[in-house]
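# Notes for the structure review
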Amino acid sequence: MKADALRGHLDPMILSVVEHEPLHGYAIMEALIERSGGEVDLPTGTLYPALRRLERAGYLVSEWSSVGGRKRRTYKLTSAGHASLAAGKSEWETFRKVMDGVLRPRHA
């Protein structure tokens, strides 16, 4: 999948992955790959700056934890993050409906 196709959708994708449980960066990356059937495989140079930006915006909080004996930063959704994710899902549904209407018009 082209990186340009993800523009504007990356934030809700990341927030969705951590919606139900805190995850460290590599686990977030793995979840995006799994949920997308391998189509979304972000380079670390894209994911980690996005995580820091989402944290600065107040949508994620992070803390250091030990995973398999290694210290990793784990990210968790905040209440503002839940609200942003809900808005992102709504925007996506609107976008999807518009695109379906344009690309798959119903013929009478």
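Scroll up for the structure.
Numbers given to residues run from 1 along each chain, matching the order in which its sequence is written. Per-residue local features of the predicted model are confined to residues with pLDDT of at least 70, and side-chain atom pairs are confined, for both listing and counting, to 80 or more; whole-chain, interface and lining totals are unaffected and use all residues. Heavy atoms throughout the structure, all of them, feed into the side-chain values; hydrogens and water do not.

### Describing the pairing of strand E2 (residues 60-67)
Note on strand geometry: in a regular strand, side chains alternate between the two faces of the sheet. To keep it simple, the criterion reads: What makes two strands pair is DSSP finding at least two bridges between them. Runs of E in the DSSP output that reach at least two residues are strands. Runs of H or I that reach at least four are helices, and both are numbered from the N terminus.
Judged from the eight bridges that link them, E2 and strand E3 (residues 70-77) form a sheet pairing that is antiparallel. Looking at E3, one finds that Trp64 is bridged to Arg73. Connecting E2 to the antiparallel partner E3 that follows it, the hairpin turn spans two residues, and Gly68 within it adopts a positive phi of roughly 60 degrees.

### Let's talk about a nonpolar patch on the surface
Which entries qualify depends on this criterion: Put simply, a patch holds well-exposed residues, over 30% relative accessible area, that have no salt bridge, with like charges counted together within 9 Å and Val, Leu, Ile, Met, Phe, Trp or Tyr side chains within 5 Å. In this description, accessible areas are obtained by the Shrake-Rupley approach with a 1.4 Å probe, and a residue is regarded as covered only by the protein chains that are shown. Put simply, a salt bridge is a Lys or Arg side-chain nitrogen that is within 4 Å of an Asp or Glu carboxyl oxygen. Per-residue accessibility, obtained with a 1.4 Å probe over protein chains only, is compared with the maximum for each type, and a residue is labelled buried under 20%, exposed over 50%, and partly exposed between these values.
There is a patch of nonpolar side chains on the surface, built from Trp92, Phe95, Val98, Met99, Val102 and Leu103 and spanning about 580 Å² of accessible area. Structurally, the position occupied by Leu103 is in helix H5 (residues 79-103). We classify Leu103 as exposed; its relative accessible area is 62%.

### Looking at the pattern of salt bridges
In the structure shown here, the tally under the stated rule is five salt bridges. Notably, a salt bridge pairs Arg53 with Asp11, separated by 2.8 Å at the nearest N-O pair. Remark: Asp11 occurs in helix H2 (residues 10-17) and Arg53 occurs in helix H4 (residues 44-56); sequence separation between them is 42 residues. Classification of Asp11 as partly exposed rests on a relative accessible area of 24%.

### Section: the packing of aromatic side chains
Under the convention used in this document: Two rings belonging to Phe, Tyr or Trp (six-membered ring only in the last case) form a pair when the distance between their centres is within 6.5 Å. Interplanar angles under 30 degrees mark stacking, angles over 60 mark edge-to-face geometry, and anything in between is tilted.
Within the structure shown, the criterion is met by one aromatic pair. Here the aromatic rings of Trp92 and Phe95 are separated by 5.5 Å at their centres, their planes lie at 40 degrees, and the arrangement is tilted. Taken together, the residues Trp92 and Phe95, both in helix H5 and three residues apart, mark about one turn of the helix. For Trp92, a relative accessible area of 38% corresponds to the partly exposed category. A relative accessible area of 38% places Phe95 in the partly exposed class.

The analysis is restricted to geometry; functional conclusions fall outside its scope.
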